[in-house]
Amino acid sequence: MSAASAEASWRHIEVEPLAPSLGAVIRGVDLASPTATQLEELRSVWAEHLVLTFPEQTLDREAHKAFGRAFGTLHVHPLNHARGGDDEILVVKTDANSKYTAGDGWHTDVSCDAIPPLGSALYIKEVPSNGGGDTLFASMYLAWEALSEGLQNFLVDKFAVHDGALPYVGAYGVAPPEGSNYPRNRHPIAPRHPVTGRRLLYVNSGFTSHIEGLKREESRAILDLLFRHIERNPRFQCRVRWQPGTLTLWDNRCTQHHALWDYYPESRYGERVSIVGEAAPAL
Ligand code: SIN
């Protein structure tokens with residue numbers, strides 16, 4: 001089905017593509033009380049556009065969590081041990097006193113988990129008044145498909161290690177709970193998406209420490225090449241511009257995102273839920 005005919009087939013929601021590569025703005029649905037038919041259409045449109053952004057929503061925490069639960073069980077973030085509050089809500093807050101902002105670099109959420117979240121839904125309540133704080137998203141289907149056949153053949157059966165200590169200790173300075181470590185797991189570099197079956201690139205600069213079976217400097221050079229490939233190709237990307245009340249839902253298996261911290265010393269506030277994945281990334 002072509003993109004144009006697919007857009008026309010949504011009967012219970014309005015869908016406006018954000019970019020040809022990924023992303024769509026969804027209107028005509030109240031996420032505090034979506035109907036079963038709207039949720040059914042959202043599942044299909046999500047698989048097609050990967051990142052769905054819903055402006056002008058009014059959600060309390062329970063409604064936000066209920067929307068996330070429409071797609072699966074809610075995930076508990078490994079950093080929530082240090083934050084208190086609601087285990088299923090990850091607070092994303094940056095102000096003039098922040099030492100870092102969560103997600104300020106290309107990454108997949110919590111790819112260090114054995115089964116990383118299948119998706120996340122971020123609800124932004126406060127935006128900086130200087131116009132900053134957008135989030136960039138990139139399609140890892142397109143990133144894989146744009147590699148040469150020679151490089152794809154080299155990478156296709158390789159595994160890489162994803163280590164939670166890299167961002168959580170290395171970048172954020174948050175020690176793991178006493179007596180334990182953050183998750184560290186190996187995943188294929190080119191798994192297939194469990195729903196669409198399409199192959200994608202699955203390494204990210206936030207969590208991926210090295211490629212198994214290569215010398216250290218070989219692994220570093222190839223990872224750096226792949227990270228640059230993702231960050232320097234705007235045609236794999238779309239950009240979400242938030243207003244207070246925007247919720248964005250992304251497929252965390254086949255996209256990466258980068259939260260821009262271009263608004264210092266202003267503040268931005270949001271809350272995220274993530275949805276537990278159904279299976280580890282697999283070839
Ligand atoms: C994140 O989930 O990585 C944060 C995204 C954002 O703040 O835009």
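Since the model is a prediction, treat every value here as computed from it, not as a measurement.

**Remarks on the confidence of the model for the protein chain**
Confidence in the prediction for the protein chain averages 94 pLDDT; 96% of positions are at 70 or higher. This stretch, residues 1-5, has a pLDDT under 50; its non-local contacts, to residues over four places away or in other chains, come to two contacts.

**Some details on the site of the ligand**
Every residue lining the ligand is accounted for by Val 92, Ala 102, Gly 103, His 107, Asp 109, Leu 122, Thr 135, Trp 250, His 257, Ala 259, Arg 268 and Arg 272. Separating an oxygen atom of the ligand from a side-chain N or O atom of His 107 is a distance of 2.9 Å. A distance of 3.0 Å separates an oxygen atom of the ligand from a polar atom in the side chain of His 257. Here the ligand loses 98% of its free accessible area of 260 Å² to cover by the protein chains. Secondary-structure elements contributing two or more residues to the shell around the ligand are strand S12 (255-259) and strand S13 (268-275). Its residues assigned to classes, the shell around the ligand shows five nonpolar, four polar and three charged.

**Topic: the nonpolar core**
If you look at soluble globular proteins, the nonpolar side chains tend to sit buried side by side. Leu 201 and Val 203 are the most contacted members of the largest nonpolar core, which has 38 residues in total. Apart from residues no more than four positions distant in its own chain, Val 203 is found in contact with Ala 160, His 162, Ile 189, Thr 208, Leu 223, Leu 226, Phe 227, Ile 230 and Gln 256.

Here is what the cut-offs are and how they apply
Residues numbered from 1 in each chain as written. Predicted model: local features only at pLDDT ≥ 70, side-chain atom pairs only at ≥ 80, totals over all residues. Heavy atoms only, no water. pLDDT = per-residue confidence, 0-100. Contact = heavy atoms within 4.5 Å. Near = heavy atom within 4 Å. Polar contact = N/O pair within 3.5 Å; in protein donor to acceptor, adjacent residues only side chain to side chain. Areas by Shrake-Rupley, 256 points an atom, 1.4 Å probe, with all protein chains shown as cover. Helix = DSSP H or I, 4+ residues; strand = E, 2+ residues; numbered from the N terminus. Nonpolar A, V, L, I, M, F, W, Y, C, P; charged D, E, K, R; others polar. Core = buried A, V, L, I, M, F, W, Y, C linked by side-chain atoms within 4.5 Å. Buried < 20%, exposed > 50% of the residue type's maximum accessible area, 1.4 Å probe, protein only.

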